[in-house]
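Architecture and fold: a report
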Amino acid sequence: MLCIKCGAELQDPEYCSACGTDIKIYKKLIRLSNTYYNMGLEKARVRNLSGAVRDLRLKLNKEHISARNLLGLIYFETGEVVSALTEWIISKNLEPNKNIADEYIREVQNNPARLETINQTIKKYNQSLLYCQQG
């Protein structure tokens, strides 16, 4: 494992011998992040998508690739294509090799008919909101 601050190889599981950074707190954050990911995954499996989004928000570990990809899938499923693509592109930039986000991005790009349908639905939704605001 590498130190989060200086990138040195860790010799001691509690702190970095190179810069003195306390690693215990970092490890606790990673465990907590994984717990939230597992909770979000479980909610996504039972189709509680809004609950899954709350659990998958990447506040503890922004580099959690699996959580980011799952969050993108949920956004895509709920019609938030731009948010989904954003999550997948960030994921791809964090982990360029062997990342399932490549396939998700490619799937969206290779299906222009579905993308156009989504765009039209978004336009209709926005127009409906405007009508509601106008009374």
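Here, the structure is the one placed above.
I will try to describe carefully the structure that is included in this document. Keep in mind that this is a model prediction, so the values were computed, not measured. (Residues numbered from 1 in each chain as written. Predicted model: local features only at pLDDT ≥ 70, side-chain atom pairs only at ≥ 80, totals over all residues. Heavy atoms only, no water.)

What follows covers helix α6 (residues 112-134). The terminal C-alpha atoms of α6, which comprises 23 residues, lie 33 Å apart, in line with the 33 Å expected from a rise of 1.5 Å per residue. Looking one or two residues past α6, Gly135 carries a phi angle of roughly 85°, positive in sign. (Helix = DSSP H or I, 4+ residues; strand = E, 2+ residues; numbered from the N terminus. Expected span 1.5 Å × (residues − 1).)

Another point: the pattern of salt bridges. Pairing of side chains with opposite charge becomes possible as their charged atoms draw close. On inspection of all chains with the given rule, the structure shows six salt bridges. Among the salt bridges present, the one from Glu77 reaches Arg47, with a minimum N-O distance of 3.0 Å. Within this pair, whereas Glu77 is found in helix α3 (residues 65-77), its partner Arg47 is found in the loop between α1 (23-45) and α2 (49-56), the two being separated by 30 residues in sequence. A relative accessible area of 53% means that Arg47 is categorised as exposed. Here Asp102 and Lys92 are joined by a salt bridge, their closest N and O atoms 3.1 Å apart. Residue Asp102 is located in helix α5 (residues 101-109), and its partner Lys92 is located in helix α4 (residues 81-94); the two are separated by ten residues in the primary sequence. With relative accessibility at 25%, the residue Asp102 sits in the partly exposed group. Its relative accessible area of 21% is what places Lys92 among the partly exposed residues. (Salt bridge = Lys/Arg side-chain N within 4 Å of Asp/Glu carboxyl O. Buried < 20%, exposed > 50% of the residue type's maximum accessible area, 1.4 Å probe, protein only.)

For Gln11, the location among the structural elements is in the segment before α1. Distance in space between the C-alpha atoms of Gln11 and Ile122 is 52 Å, their sequence separation being 111 residues.

With that settled, consider a positive patch on the surface. A grouping of Arg54, Arg57, Lys59 and Lys62 is seen on the molecular surface, where their side chains present a positively charged patch. As for its position among the elements, Arg54 is in helix α2. (Patch = residues over 30% accessible without salt bridge, like charges linked within 9 Å, V, L, I, M, F, W, Y side chains within 5 Å. Areas by Shrake-Rupley, 256 points an atom, 1.4 Å probe, with all protein chains shown as cover. Lys, Arg positive; Asp, Glu negative; His and termini not counted. Charge placed at Lys NZ, Arg CZ, Asp CG, Glu CD.)

One finds Leu56, Leu70, Ile74, Phe76 and Trp88 to be the most contacted residues of the largest nonpolar core, which totals 20 residues. With six residues, the single largest contributor to this core is α3. (Core = buried A, V, L, I, M, F, W, Y, C linked by side-chain atoms within 4.5 Å.)

Time to look at the side chain of Asp55. Inspection of the secondary structure puts Asp55 in helix α2. For Asp55, a relative accessible area of 10% corresponds to the buried category. Filtering out sequence-adjacent residues up to four positions away, Asp55 remains in contact with Tyr36, Met39, Gly40 and Lys43. (Contact = heavy atoms within 4.5 Å.)

Keep in mind these numbers describe shape, not what the thing actually does.
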